[in-house]
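# Descriptive structure summary
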Amino acid sequence: DAGVTQSPTHLIKTRGQQVTLRCSPKSGHDTVSWYQQALGQGPQFIFQYYEEEERQRGNFPDRFSGHQFPNYSSELNVNALLLGDSALYLCASGPPRTNSPLHFGNGTRLTVT
Amino acid sequence: GENVEQHPSTLSVQEGDSAVIKCTYSDSASNYFPWYKQELGKRPQLIIDIRSNVGEKKDQRIAVTLNKTAKHFSLHITETQPEDSAVYFCAAIPPGGGADGLTFGKGTHLIIQP
């Protein structure tokens, strides 16, 4: 039973470019959340998807957008990249019940130069 | 929104001794408190969690206590081993998820000295 998988593992982009990160949730999970983890910090909530809709959103600008597909997989898109967007982007999935344990993927390390 | 404070930021203990990490939260409605362990370059892994209807939960060498009145919760690791060295994060979330999702503390770097 595969856990949460994310791709790619590493990515280098230039300021102003756009990036798409991908996530497949753990089997049996239908809720996907995205977090940004800067070096030496705790993960910061970006948004959560359930039933193909954004249900909750943290304090991130509209440059950050996402999508969830019928198979529960998800994408995180970031437009007009800034140097400050460099971070580890974590995807987490959970079962169809609120406040249940979240399972994280290994993350995508994004470097913006 | 929820705010979680975690301390200490770094904790060094001798192998075999106990380690305690403390967190406070601001939203009295929060009712779920997980703890994650993150080794260098790896994903955060859930090690234990507690809900607001219990005051303490234990799993082998790891225990978590919750004081709802004071709005703080703690992680206790007994008989520490070298493999316990990692960064530990506490987190809190209100019912229904809240606008901020799971709010994490800034992390504690636990160092086990041989």
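See the structure shown above.
These numbers were taken from a predicted model, which means no experiment stands behind them.

### Quick look at the interface of chain A and chain B
At the interface, 22 residues of chain A touch 23 residues of chain B. Carbon and sulfur atoms make up 45% of the area that chain A and chain B hide from each other, which totals about 1,700 Å². When residues of chain A are sorted by the area they lose upon contact with chain B, Gln56, Asn99 and Phe104 of chain A head the list and together hold 34% of the total. Joining chain A to chain B, the criterion identifies zero salt bridges. Summed over the shared surface of chain A and chain B, the number is six residue pairs in polar contact (both at pLDDT 80 or more). Of all the secondary structure elements, the ones that give two or more residues to the side of chain A that touches chain B are β4 (31–37), β6 (53–57) and β9 (87–94) of chain A. Split into classes, the residues belonging to the side of chain A that touches chain B amount to nine nonpolar, eleven polar and two charged.

### Notes on the layout of surface pockets
Looking at the largest pocket, its volume works out to about 550 Å³. Looking at the largest pocket, it is lined by 26 residues, and the ones nearest its centre are Gln37 and Leu39 of chain A together with Gln38, Leu40 and Gly41 of chain B. Of all the secondary structure elements, the ones that give two or more residues to the lining of the largest pocket are β9 (86–92) and β11 (108–113) of chain B.

### Observations concerning the pairing of strand β7 (residues 64–68) of chain A
All names here are of chain A. Bridging between β7 and strand β8 (residues 74–78) involves five bridges; their strand directions are antiparallel. Paired with Phe64 across the bridge in β8 is Val78. Counting the residues that bridge the hairpin from β7 to β8 gives five residues, and of these Tyr72 lies at a positive phi of roughly 80°.

### Some thoughts on the state of the cysteines
As enumerated under the stated definition, the model contains two disulfides over all chains in all. Between the sulfur atoms of Cys23 of chain A and its disulfide mate Cys91 of chain A the distance is 1.8 Å. Residues Cys23 of chain A and Cys91 of chain A share a disulfide whose torsion about the S-S bond is about -60°; that sign makes it left-handed. Taken together, the positions of Cys23 of chain A in strand β3 (residues 19–24) and Cys91 of chain A in strand β9 put the pair 68 residues apart, joining distant regions of the chain. On the accessibility criterion, Cys23 of chain A (2% relative accessible area) is buried. The disulfide that involves Cys23 of chain B links it to Cys90 of chain B, with 1.9 Å between the sulfurs. Across the S-S bond linking Cys23 of chain B and Cys90 of chain B, the dihedral sits near -100°, which makes this disulfide left-handed.

### Here we look at the pairing of β4 of chain A
Residue and element names in this part refer to chain A. Counting buried residues in β4 gives seven out of seven residues, a clear majority hidden from the surface. Along β4, one buried face is formed by Thr31, Ser33, Tyr35 and Gln37 and the opposite face, lined by Val32, Trp34 and Gln36, is buried too. In this structure, β4 lies alongside strand β5 (residues 44–50), joined through six bridges in antiparallel fashion. Residue pairing in the sheet places Tyr35 in a bridge with Phe45 of β5. Taking the residues between adjacent antiparallel strands as the criterion, β4 and β5 are bridged by six residues, where Gly40 takes a positive phi near 80°. Here β4 pairs with β9 via seven bridges, running antiparallel. Among the inter-strand pairings, Thr31 is bridged to a residue of β9, identified as Gly94.

Reading the values: rules and limits
Residues numbered from 1 in each chain as written. Chains lettered and ligands numbered in written order. Predicted model: local features only at pLDDT ≥ 70, side-chain atom pairs only at ≥ 80, totals over all residues. Heavy atoms only, no water. Contact = heavy atoms within 4.5 Å. Buried area = accessible area lost by both parts, 1.4 Å probe. Salt bridge = Lys/Arg side-chain N within 4 Å of Asp/Glu carboxyl O. Polar contact = N/O pair within 3.5 Å; in protein donor to acceptor, adjacent residues only side chain to side chain. Helix = DSSP H or I, 4+ residues; strand = E, 2+ residues; numbered from the N terminus. Nonpolar A, V, L, I, M, F, W, Y, C, P; charged D, E, K, R; others polar. 1 Å grid on protein atoms, 1.4 Å probe; cavity = no way out; pocket = protein on both sides within 12 Å on 5 of 7 lines; lining within 4 Å. Points joined across faces, edges and corners; volume = space filled by probe spheres on them. Pairing = 2+ DSSP bridges. Disulfide = S-S within 2.5 Å. Buried < 20%, exposed > 50% of the residue type's maximum accessible area, 1.4 Å probe, protein only.

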